[in-house]
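Residues per chain, in single letters:
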Amino acid sequence: MEPIIQISQLNYSYPDGTIALQDINLEIDSGEKVALVGANGAGKSTLLLHINGVINASKGIFINGLNSSRENLGKIRAMVGVVFQNPDDQLFSITVHDDVAFGPRYQGLSNKEINTRVEAALNAVQMQGFRDRHPYHLSGGEKKRIAIATVLSMEPAILVFDEPTAGLDPRARRELIELLRTLPQTLLIATHDLGLVQQLTPRTIIMNNGCIVADGSSAELLNNKDILFENGLI
Ligand SMILES: Nc1ncnc2c1ncn2[C@@H]1O[C@H](COP(=O)(O)OP(=O)(O)OP(=O)(O)O)[C@@H](O)[C@H]1O
Ligand SMILES: [Mg+2]
């Protein structure tokens, strides 16, 4: 079976010249749960933004066998759900319901199915009572949960999370980790939360200065104090 995410020789510099990714090579199989860790500025978010084409690379990225060129972007976005680092980048509707319904509606589902999806996604993040609230008038952690629900409701094959536990209270964090553990989908999670890595993702990729410097078993890498220290992780 071919990998569901395949990245080869990917380089990226921002328009101002900042080098953000250097020679990234990566394969992730369907159903794998993978953590992406590294110090601030290592390139994690930049890499994630390439995976659903927010940043469009001309070559080097295949999602489910599809080259992430402009003509495939619609199909790729239907397969990859991304929860951004900042929930304000994700929430734009007048009500929580509309934000969580946006993806399923775009997928052309019936109203009945959309409502079922919205309810299930809000239940999953314990935000059932917030359907009619304005997304901008929520606390940081509440926004984060709604941002996660907007992606869960799409049930995409690949879920990409940028710092999903940042800003969550301990109970919400624990429940999110439990939820993610039960999902059958491929998960790629950028995080500074090594507890999440230990509990959820058998594989870890470490980035430093735009490069992948380690890729292997989370249990082994989390036990390697030298590599954690060198890469700003402890
Ligand atoms: N819009 C931008 N324009 C120019 N440079 C950028 C931009 N966004 C990020 N960078 C730079 O690209 C590099 C990688 O940043 P990125 O946001 O991918 O890091 P990160 O690993 O996600 O960090 P963090 O842990 O702080 O979220 C950094 O040097 C950063 O300063
Ligand atoms: Mg980031």
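Let me begin by describing the structure that accompanies this report.

What counts and what doesn't
Counting restarts for each chain: residues are numbered from 1 in the order of the written sequence. Lettering for chains starts from A, numbering for ligands starts from 1, and both go in the order in which the items are written. The model is predicted, so local features are restricted to residues of pLDDT at least 70 and side-chain atom pairs to those at 80 or more, both for listing and for counting; the totals for chains, interfaces and linings are taken over all residues. For helices the rule is a DSSP run of H or I covering at least 4 residues; for strands it is a run of E covering at least 2, with both sets numbered from the N terminus onward. Atoms counted for the radius of gyration: C-alpha only. Globule rule: 2.2 Å times residue count to the power 0.38. Put simply, a residue is buried when 20 or more other C-beta atoms lie within 10 Å of its own C-beta and exposed when 12 or fewer do; between those, it is partly exposed, and each C-beta is set from the backbone. Note on contacts: each residue gets a C-beta atom placed from the backbone, and two residues are in contact if those atoms are within 7 Å. In this text, near has one meaning. A residue is near a molecule or strand if its C-beta atom, placed using the backbone, is within 6 Å of it. Three categories are distinguished: nonpolar for Ala, Val, Leu, Ile, Met, Phe, Trp, Tyr, Cys and Pro, charged for Asp, Glu, Lys and Arg, and polar for the others, with Gly belonging to the last. In this analysis, strands are considered paired if DSSP registers two or more bridges between them. Each nonpolar core consists of buried Ala, Val, Leu, Ile, Met, Phe, Trp, Tyr and Cys residues. Their C-beta atoms, within 7 Å, join them into a set. One less than the number of residues in a helix, times 1.5 Å, gives the span that helix is expected to have. Along the arc lie the directions from the helix axis toward the C-beta atoms. Angles shown run from 0 to 180 degrees and are taken between the N-to-C directions of axes, each axis being a line fitted to C-alpha atoms and, for helices, limited to the stretch in contact.

## Points about the overall build of the chain
Within the chain, the secondary structure is distributed over 9 helices and 10 strands. The globule rule puts the C-alpha radius of gyration for 234 residues at 17 Å, and the 17 Å found for the chain is close to it. Across the 234 residues in the chain, those meeting the buried criterion constitute 40%. In the chain, 64% of the contacts between residues at least 6 apart in sequence involve partners at least 24 apart.

## Things to note about the site of ligand 1
Around ligand 1 sit 13 residues in total, of which Tyr14, Asn40, Lys44, Ser45 and Thr46 are the nearest. Of all the elements, helix H1 (residues 44-51) adds the most residues to the shell around ligand 1, at 3 residues. Residues belonging to the shell around ligand 1 are distributed by class as follows: 3 nonpolar, 8 polar and 2 charged.

## Quick word on the pairing of strand S1 (residues 5-13)
Pairing between S1 and strand S2 (residues 19-28): 6 bridges, direction antiparallel. Bridge pairing links Tyr12 to Leu21 in S2. In the sheet, S1 pairs with strand S4 (residues 61-63) via 3 bridges, with the strands oriented antiparallel. Residue pairing in the sheet places Ile7 in a bridge with Ile61 of S4.

## A closer look at the nonpolar core
The biggest cluster of nonpolar side chains holds 60 residues, and the ones touching the most others in it are Leu36, Val100, Ala121, Leu122, Ala149 and Val160. The leading source of residues in this core is helix H5 (residues 140-152), at 6 residues. Dropping the residues within four chain positions of it, Ala121 is found in contact with Val100, Ala149, Leu152 and Ser153.

## Considering unusual backbone geometry
Of note, the phi angle at Gln9 is positive, near 50°, even though the residue is not glycine. For Gln9, the position within the fold is in strand S1. Judged by C-beta crowding, with 10 C-beta atoms within 10 Å, Gln9 ranks as exposed. Although it is not a glycine, Asp23 sits at a positive phi angle of roughly 45°. On the neighbour-count criterion, Asp23 (12 C-beta atoms within 10 Å) is exposed.

## Looking at the sheet that holds strand S5 (residues 66-67)
The strand order across the open sheet formed by 4 strands is S2-S1-S4-S5, and the pairing between neighbours is antiparallel. Where the open sheet ends on each side, the last strands, each with one partner, are S2 and S5.

## Regarding helix H3 (residues 96-106)
Every buried residue of H3 is listed here: Val96, Asp99, Val100, Ala101, Gly103 and Pro104. Each element contacted by the buried residues of H3 is listed here: helix H4 (111-124) and H5. Count one or two residues on from H3 and you reach Gly108, which has phi positive near 80°.

## Topic: the environment of Leu194
Tracing the sequence through the fold places Leu194 in helix H7 (residues 194-200). The partly exposed category is assigned to Leu194, around which 17 C-beta atoms lie within 10 Å. For the pair Leu194 and Ala35, spaced 159 residues apart in the sequence, the C-alpha separation amounts to 9.2 Å. When residues no more than four places from it in sequence are discounted, the contact partners of Leu194 are Leu222 and Leu233.

## Overview of H4
The end-to-end C-alpha distance of H4 is 20 Å, a good match for the 20 Å that 14 residues give at a rise of 1.5 Å each. Those residues of H4 that fall on the buried side of the exposure criterion are Ile114, Arg117, Val118, Ala121, Leu122 and Ala124. Viewed along the axis of H4, the buried residues span an arc of 155°, placing them on a single side of the element. The inward-facing, buried residues of H4 abut H3, H5 and helix H6 (170-182). Looking one or two residues beyond H4, the residue adopting positive phi is Gln126, at roughly 55°.

## Observations concerning the sheet that holds strand S9 (residues 203-208)
Ordered by their spatial adjacency, 6 strands build an open sheet running S6-S7-S8-S3-S9-S10, and the pairing between neighbours is mixed. The open sheet has two edge strands, strand S6 (80-83) and strand S10 (211-217), and neither has a second partner. The sheet shows a mean angle of 15° between the axes of neighbouring strands, direction not considered. Where strand S3 (residues 33-37) lies against strand S8 (residues 186-190), 4 bridges are found, and the strand directions are parallel. Across the sheet, residue Leu36 finds its bridge partner in S8, namely Ala190. Sheet strands in contact with H5 are S6 and strand S7 (158-162), and its direction is about 175° off that of S6.

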